[in-house]
Amino acid sequence: MRSVDVVVIGAGQAGLSGAYHLRRTGLEPDRDFVVLDHAPAPGGAWQFRWPSLTYGKVHGMHALPGMELTGADEERPSSEVIGAYFDRYERTFGLRVHRPVEVSAVREGEGGRLLVETSEGTYATRALINATGTWDRPFWPRYPGQETFRGRQLHTAGYPGPAEFAGQRVVVVGGGASGTQHLMEIAEVASETHWVTRRPPVFREGPFGSDQGRAAVAMVEERVRRGLPPQSVVSVTGLPVNDAIRRARESGVLDRLPMFDRITPSGVAWDDGRGVEADVILWATGFRAAIDHLAPLRLRERGGGIQLEGTRVVRDPRIHLVGYGPSASTIGANRAGRAAVRAIVELLERGPAEGAPGSAPAAPQAWSAARWGDRGRGSRGLVRQAGMPTRPGPGSRDGSPRLSLVSTTTGSEHTNMGADVRWNA
């Protein structure tokens, strides 16, 4: 068993942001903290995206803190562009991500530490940044007759691009941006498409400003503050209208049907007697938070979610969830990583037992200047002391990007910002 101060689970946007900010405080990877990632390569969930999701369709994915993503070919698959960028980022800042490593459980240990059980052994840690996202938990709704369908059913998480649907009859389920993107692509090659959603879609014309963005984030934030599962914000933000959306609406591709009542062997049907024949049902129905490994700690509230104050879990202040709820966007993940590290440094400063459930406060500790640096110098000084290059990010003089609501799960604008999303409809 290895002992560290902090374990970071996940090396997507949120996890790398957390690791970067740990590094800039003076903490050393593989000595003071460790980053664990179950994916086979850098890139987080982006590496699993379908080839037709090119970088130009990602709607302005924000750079990781400290290093811009510049000069990317917009026609290149986002999985390749962002995978290469994350790889370069990890190497530039020496984050030493361990992969592939599966985390099976996090349990209470001794002396106020958490035990993180993994495929490479157990880590005893004083604090945890959980950045596991949602990609590994696609949500599949259940409908009567689903098991009788003779065609193919698949989820956004397994979407291969439009070519496989040539000449087929396809039903796309889900009213988020991913569903509309899939539908518009598939309509180009399929013999027939139908779009089914639980609620009528709301299309939004014009820019999505900072005020609207803050309102959307606040809605999700309020739910997690109350211990409720976060929800998608697409019902508040609406679907942004661009030229492709306009053409699809004019051509009838985006004519929406209400949710069907059952699935038949040859398609879907409604109780009013209507029916649609289909070869494929594509479920663009969102994702849930991949946090089953935290179950032994019993963090969920009666409302079904995990109550947070900022990124900190109310039931256990040693644990921070980044990329969860209001921080499940590329800009939100960056800010959450910074906030989590700030709180964790304060926690570590108060002593080894501080923050553990039922523990007594410990006396403050004096930090070694050689290890932690002069905290009064400001972040730039800390970065230089740790031997890390400083590169301003886009959008502001201090390198913090401007507000944007781009999903870290699908790369779609304004969708899947919350974990535990039932589904966009």
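Worth saying up front: this structure is predicted, and the values here are computed from it rather than measured. (Residues numbered from 1 in each chain as written. Predicted model: local features only at pLDDT ≥ 70, side-chain atom pairs only at ≥ 80, totals over all residues. Heavy atoms only, no water.)

Undergrad: Mind laying out the pairing of strand β1 (residues 2-9), listing which residues take part and the relevant values?
TA: The element β1 is extensively covered by neighbouring structure, given that six of its eight residues are classed as buried. In terms of strand pairing, β1 meets strand β5 (residues 121-130) through seven bridges, oriented parallel. Looking across to β5, one finds that Ile9 is bridged to Asn130. The pairing of β1 with strand β2 (residues 33-36) spans four bridges and is parallel. If you follow Val8 over to β2, its bridge partner there is Val35. Considered for its hand, the β-α-β crossover made up of β1, helix α1 (residues 13-24) and β2 is right-handed. (Buried < 20%, exposed > 50% of the residue type's maximum accessible area, 1.4 Å probe, protein only. Helix = DSSP H or I, 4+ residues; strand = E, 2+ residues; numbered from the N terminus. Pairing = 2+ DSSP bridges. Right-handed = clockwise from strand over helix to strand, strands pointing away.)

Undergrad: I'd like a description of α1, backed by residues and values.
TA: Given a rise of 1.5 Å per residue, 12 residues ought to cover 16 Å, and the 17 Å separating the end C-alpha atoms of α1 matches this to within 8%. Most of α1 sits inside the fold, with 12 of its 12 residues counted as buried. (Expected span 1.5 Å × (residues − 1).)

Undergrad: Tell me about the confidence of the model for the protein chain, and name the residues and values.
TA: When pLDDT is averaged along the protein chain, the result is 82; 76% of the residues meet or exceed 70. Across residues 360-425 the pLDDT falls below 50, and counting only partners more than four positions away or on other chains, this stretch makes 216 contacts in the model. (pLDDT = per-residue confidence, 0-100. Contact = heavy atoms within 4.5 Å.)

Undergrad: Summarise the environment of Leu294; cite the residues concerned and give the values.
TA: Inspection of the secondary structure puts Leu294 in the loop between β15 (280-283) and β16 (308-309). Separated by 191 residues in the primary sequence, Leu294 and Val103 have C-alpha atoms spaced 9.7 Å apart. In this view, Leu294 contacts Val106, Leu128, Asn130, Leu299 and Leu321; residues no more than four positions away in its chain are not counted.

Undergrad: Outline the packing of α1 against helix α2 (residues 78-92), listing residues and values.
TA: Taken N-terminus to C-terminus, the directions of α1 and α2 make an angle of 15°; their axes are 11 Å apart at the nearest point. Judged by the angle between their axes, α1 and α2 are roughly parallel. As α1 packs across α2, the resulting crossing turns out to be left-handed. Of the residues in α2, those touching α1 at Gln13, Leu16 and Tyr20 are Phe86, Tyr89 and Glu90. (Axes fitted to C-alpha atoms, helices over the stretch in contact; angles between N-to-C directions. Parallel < 35°, antiparallel > 145°, perpendicular 65-115°, else oblique. Left-handed = near helix turned anticlockwise from the far one by under 90°.)

Undergrad: Describe the packing of aromatic side chains, and please don't skip the residues or the numbers.
TA: Evaluation of the coordinates by the stated rule reveals 12 aromatic pairs. Ring centres of Tyr159 and Phe165 lie 6.0 Å apart, and the angle between their planes is 10°; on these two criteria the pair is classed as stacked. When its relative accessible area of 3% is taken as the criterion, Tyr159 is described as buried. Using a relative accessible area of 0% as the deciding quantity, one classes Phe165 as buried. Aromatic ring contacts, followed pair by pair, group Tyr20, Tyr85, Phe86, Tyr89 and Phe93 into a single cluster. Taking the ring centre of Trp46 as reference, the NZ or CZ of Arg49 above it sits at 4.8 Å. (Phe/Tyr/Trp six-rings, centres within 6.5 Å; stacked < 30°, edge-to-face > 60°. Lys NZ or Arg CZ within 6 Å of the ring centre and 35° of its normal.)

Undergrad: Describe the pattern of salt bridges, and please don't skip the residues or the numbers.
TA: In total, this model carries 18 salt bridges according to the counting rule given. The residue Glu80 makes a salt bridge to Arg76 at a minimum N-O spacing of 3.1 Å. One salt-bridge network, held together by shared partners, links Asp37, Glu90 and Arg99. (Salt bridge = Lys/Arg side-chain N within 4 Å of Asp/Glu carboxyl O.)

Undergrad: Please give an account of the sheet that holds strand β14 (residues 275-277) that cites residues and values.
TA: Through backbone hydrogen bonds, the strands of a sheet pair up, either in parallel or in antiparallel fashion. With antiparallel pairing, the three strands of this open sheet are ordered in space as β12-β13-β14. Every interior strand has two partners, whereas the edge strands, β12 (262-264) and β14, have only one. Sheet twist, expressed as the mean angle between neighbouring strand axes with direction ignored, is 20°.

Undergrad: Describe the sheet that holds strand β7 (residues 169-173), listing the residues and the values that go with them.
TA: A sheet is described by the order of its strands in space; here five strands give the open sequence β6-β15-β7-β8-β11, paired in parallel fashion. Looking along the sheet, the strands with just one partner apiece sit at the ends: β6 (152-155) and β11 (256-258). Here the strands of the sheet are splayed against their neighbours by 25° on average, with no regard to which way each runs. Packing of helix α3 (residues 177-187) onto the sheet brings it into contact with β7, β8 (192-197) and β15, and relative to β8 it is tilted by some 170°.

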